[in-house]
Amino acid sequence: MSLKKSNSPYEEELKEAVCGVITSGWYLHGPQTESFEKELAASAGKPYAAAVSNGLDALRLIIRGYLELGKLKRGDAVMVNANTYIASILPLTEFGLRPILIEPDPTTYGINWEAALERSEKENIAAMMTVHLYGTPSWDADIAQKMRSKGIILIEDNAQAIGAEYKGIATGALGDASAFSFYPTKNVGALGDAGAVVTGDEELAKTIRALANYGSDRRYHNIYTGYNCRIDEIQAAMLRVKLRHLDRIIKERNTTASIYSEKISNPRITPPSRIEECRQVWHQYVVRTEHRDEFRDYLLQHGIFTDIHYATPPHLQPCYRGIFTTPLPLTEELSRTIVSLPIADISIPEAEYISEIINDYRK
Ligand SMILES: *Cc1c(COP(=O)(O)O)cnc(C)c1O
């Protein structure tokens, strides 16, 4: 899908940013990356941000960082939402942790916090990863407190929720460490790959910086067997532009989501919940319907393109065959019935038209 429309309001500023990098002669580890990290940390309200290559690497660095610090060890159980993109799970299995897939909360589609708490009372859990899926915060301050008191590390996959808030606190600043993705289709998208880790933990931040730079704490001195997870100066410069427009980006999506929520009224279609005390940023606007294929075909006939996030949950992917054997009926039901409506770059008349077409849908 072309992202020309998404980036066109910022085109002049983006060009200027790129030209600035070309002229500066700094292409990696330069002033753009440093400034972007400061601005991202400030926007989340946390002291440390490390800009890296992509969102998956951000998650991998968090896990590897905790392993190096001895706060996690191989074989540890980590709870995670079963209903997520596979990138949330991959870093857990990669490093020999034991993912405990928890069914989602049917209101937020994020992890069911009560179910997670119950599970943590039955067995030894080292960490939990909460995914703010579709831009809806998935957090419970009381339960988080209980988990923390048992020493459970709380990690956020904030790839879809930059700018979202839970009771006035930014997602990405709620847990001990969080991963951001700036994949081009994300709410704040680079013009290529990029990601970041945000944390209040100085030691973790330092470890992650070293790991992301071949494991070196200073030049040619390697304390870990690390990686190259650098962000380009060009991407950092463009992300600084996009980050300055975060409120506008969220407002546009929120306008579309509000029109859908107000106008769509069809008993065959279940809209997403609007969560009180939260700022949702609508990375996706996901409805549910029984006869999904018919619904999607009907919309397509009216020129409306929809998508599915995600049709096959991680535990049913071929790479995990035989690994996750516990049934996850709610996750599977969601994956069968969800449909993502168009949400990016939709004008008010377009949102109204889409709502009307949906209201005329009969099966
Ligand atoms: C996009 C995404 C990621 C991975 O980010 P990349 O930058 O594409 O590597 C991780 N988790 C979730 C929930 C995502 O949506």
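Up top you'll find the structure we're talking about.
Here's a quick rundown of the structure.

Scoring rules and cut-offs
Residues numbered from 1 in each chain as written. Predicted model: local features only at pLDDT ≥ 70, side-chain atom pairs only at ≥ 80, totals over all residues. Heavy atoms only, no water. Helix = DSSP H or I, 4+ residues; strand = E, 2+ residues; numbered from the N terminus. Rg over C-alpha atoms; globule rule 2.2 N^0.38 Å. Buried < 20%, exposed > 50% of the residue type's maximum accessible area, 1.4 Å probe, protein only. Contact = heavy atoms within 4.5 Å. Areas by Shrake-Rupley, 256 points an atom, 1.4 Å probe, with all protein chains shown as cover. Lys, Arg positive; Asp, Glu negative; His and termini not counted. Charge placed at Lys NZ, Arg CZ, Asp CG, Glu CD. Near = heavy atom within 4 Å. Polar contact = N/O pair within 3.5 Å; in protein donor to acceptor, adjacent residues only side chain to side chain. Nonpolar A, V, L, I, M, F, W, Y, C, P; charged D, E, K, R; others polar. Expected span 1.5 Å × (residues − 1). Salt bridge = Lys/Arg side-chain N within 4 Å of Asp/Glu carboxyl O. Axes fitted to C-alpha atoms, helices over the stretch in contact; angles between N-to-C directions. Parallel < 35°, antiparallel > 145°, perpendicular 65-115°, else oblique. Left-handed = near helix turned anticlockwise from the far one by under 90°.

1. Some points on the overall build of the protein chain
Part 1 of the reasoning: Looking only at helices and strands, the protein chain features 13 helices and 14 strands.
Part 2 of the reasoning: Taken against the 2.2 N^0.38 rule, which gives 21 Å for 363 residues, the C-alpha radius of gyration of the protein chain at 21 Å falls within 12% of a compact globule.
Part 3 of the reasoning: Relative to its 363 residues, the protein chain shows a buried fraction of 55%.
Part 4 of the reasoning: Looking at the protein chain alone, contacts between residues at least 24 apart form 69% of all its contacts between residues at least 6 apart.
Part 5 of the reasoning: Element-wise, carbon and sulfur atoms account for 50% of the exposed surface of the protein chain, whose accessible area totals about 16500 Å².
Part 6 of the reasoning: Between the averaged position of the 40 positive side-chain charges in the protein chain and that of its 47 negative side-chain charges there is a distance of 3 Å.

2. Considering the site of the ligand
Part 1 of the reasoning: The full set close to the ligand counts 13 residues, and G55, D157, Q160, S181 and K186 are the nearest of them.
Part 2 of the reasoning: Contacts to the ligand include S181, whose side-chain N or O atom sits 2.6 Å from an oxygen atom.
Part 3 of the reasoning: Isolated, the ligand exposes 390 Å² of accessible area, and the fraction of that covered by the protein chains is 90%.
Part 4 of the reasoning: By residue class, the composition of the shell around the ligand is 7 nonpolar, 4 polar and 2 charged.

3. A few points about the side chain of D57
Part 1 of the reasoning: Relative to the assigned elements, D57 resides in helix α4 (residues 55-68).
Part 2 of the reasoning: Among the polar contacts made by the side chain of D57, one reaches the side chain of R60 at a distance of 3.0 Å.

4. With respect to α4
Part 1 of the reasoning: For α4, spanning 14 residues, the distance from its first C-alpha to its last is 20 Å, which sits close to the expected 20 Å at 1.5 Å a residue.
Part 2 of the reasoning: Burial within α4 is extensive, with 12 of its 14 residues counted as buried.
Part 3 of the reasoning: Where α4 starts, the residue carrying a side-chain oxygen 3.1 Å from the main-chain nitrogen of L56 turns out to be N54.
Part 4 of the reasoning: Where α4 ends, the next residue or the one after it, G70, has phi of about 75°, a positive value.

5. Here we look at the pattern of salt bridges
In a structure, side chains of opposite charge can pair up when their charged atoms sit close to one another.
Part 1 of the reasoning: What the rule picks out here adds up to 16 salt bridges.
Part 2 of the reasoning: Among the ionic pairs, E37 bridges to R209, the shortest N-O distance being 3.2 Å. Of this pair, E37 sits in helix α3 (residues 31-44) while R209 sits in helix α8 (residues 202-212), placing them 172 residues apart in sequence.
Part 3 of the reasoning: Given a relative accessible area of 40%, R209 falls into the partly exposed group.
Part 4 of the reasoning: D247 is paired through a salt bridge with R279; the nearest N and O atoms lie 3.4 Å apart. One end of the pair, D247, is in helix α10 (residues 246-263); the other, R279, is in strand β12 (residues 278-279), with 32 residues separating them in the sequence.
Part 5 of the reasoning: Accessibility expressed as a relative area gives 52% for D247, which makes it exposed.
Part 6 of the reasoning: Since its relative accessible area comes to 30%, R279 is described here as partly exposed.

6. Concerning the packing of α10 against helix α13 (residues 348-359)
Part 1 of the reasoning: At their nearest, the axes of α10 and α13 sit 9 Å apart, and the two run at 30° to each other. In terms of orientation, α10 and α13 fall into the roughly parallel class. As for how α10 packs across α13, the hand of that crossing is right-handed. Each of T255, T256, I259, Y260 and K263 in α10 lies in contact with α13, whose residues at this interface are I348, A351, E352, I354, S355 and N359.
Part 2 of the reasoning: Of the residues contributing to the contact of α10 with α13, the split by class is 5 nonpolar, 4 polar and 2 charged.

It is worth stressing that arrangement in space is one thing and function is another; only the former is reported here.
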